[in-house]
Amino acid sequence: MNLDNIRIVLVNTSHPGNIGGVARAMKNMGLSRLTLVAPRQFPDEQADWRAAGALDLLQQATVCATLDEAIADCQYVVGTSARERRIPWPLLDPRRCAEEMARRSGREQVAVLFGREDRGLTNDELQRCNLHLHIPSDPHYSSLNLAMAVQIVCYELRMLQLGDTLPAAAEDEWDAPFSTAAGMERFYQHLEETLVGIGFLDPAAPRQLMARLRRLYGRVRLDEMELNILRGILTETQKFAPASDRVPDNRVPDNRVPDDGVPDDGVPD
Ligand code: SAH
């Protein structure tokens, strides 16, 4: 795919602020080709202000008098619309549409048209398009702000461009390896010994304490560094309460493991 072959075309935009917002949305996502068809007010201070760091896109924008001129050299034209039209047209959501555009952008010029803030694109303009794109918004309030609609389309293109370079899971880039099953077993054993040693766990009536703790640490998924820290804390704790000197304090009501009416078999054995 080649993002340089995909242009965003704004038709007859009334608010210059929106043009600036579009430039910013595009530059954030790595697109740079902006075409303006008969903008009501451009260049304009409000456009510059909303563009923030994307002023270069505004300066390089192509301004055309007609839509025909803006898309004359394009092989593939997509029209965006917040509403359903009378004559059904091939219609896709932004994700699938981005796939289509990405595929073609390797060798073809692609244009995505965005309409006026108050009336969108006319039927005549939409009928010049190969495909219609609808952002699946709430039908009771379906029309997005122009720059936000552009943002969504450009974001989908960027996601496709980044593809496999994105981490597949939140923990892909971690600074320590995750603990192994054997490491966890040694930890649970150490934890149990310590809890008995400090009188928190009565080996004669262990209830479901260790199962609950296993479930807790299982949810966290410790890495080796974290496991070592916890093992260190346990070792130090044991120094204060050698197991041999301590007897579980049965006078304390056992409310530390809440008897909350949850049957013991609510926790995996
Ligand atoms: N009131 C107009 C919508 C204008 S919003 C109407 O009813 O058609 C300005 C432009 O943002 C639209 O022309 C379209 O290009 C884009 N847009 C807004 N919401 C959209 C949506 N849900 N799906 C696709 N494009 C949308």
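Residues numbered from 1 in each chain as written. Predicted model: local features only at pLDDT ≥ 70, side-chain atom pairs only at ≥ 80, totals over all residues. Heavy atoms only, no water.

**Student:** Any details on the sheet that holds strand β1 (residues 6-11)? Residues and values, ideally.
**Tutor:** Strand order across the open sheet formed by seven strands is β3-β2-β1-β6-β4-β7-β5, with parallel pairing between neighbours. Taken across any chain shown, the strands that pair with only one partner, and hence form the sheet edges, are β3 (62-64) and β5 (91-92). Two elements, β1 and strand β6 (residues 110-114), share five bridges in a ladder whose sense is parallel. Note that in β6 the partner of L10 across the bridge is F114. (Pairing = 2+ DSSP bridges. Helix = DSSP H or I, 4+ residues; strand = E, 2+ residues; numbered from the N terminus.)

**Student:** Account for the packing of aromatic side chains, with residues named and values stated.
**Tutor:** Tallied over the entire structure, the rule returns four aromatic pairs. Between W174 and F178 the ring centres are 5.8 Å apart and the planes differ by 20 degrees, which places this aromatic pair in the stacked class. W174 gets classed as partly exposed once you look at its relative accessible area, which sits at 41%. With 5.5 Å between their ring centres and 50 degrees between their planes, F187 and Y188 make a pair best called tilted. On the basis of relative accessible area, F187 is assigned to the buried category, the value being 1%. Chaining the aromatic ring pairs together yields one cluster made of F187, Y188 and Y217. (Phe/Tyr/Trp six-rings, centres within 6.5 Å; stacked < 30°, edge-to-face > 60°. Buried < 20%, exposed > 50% of the residue type's maximum accessible area, 1.4 Å probe, protein only.)

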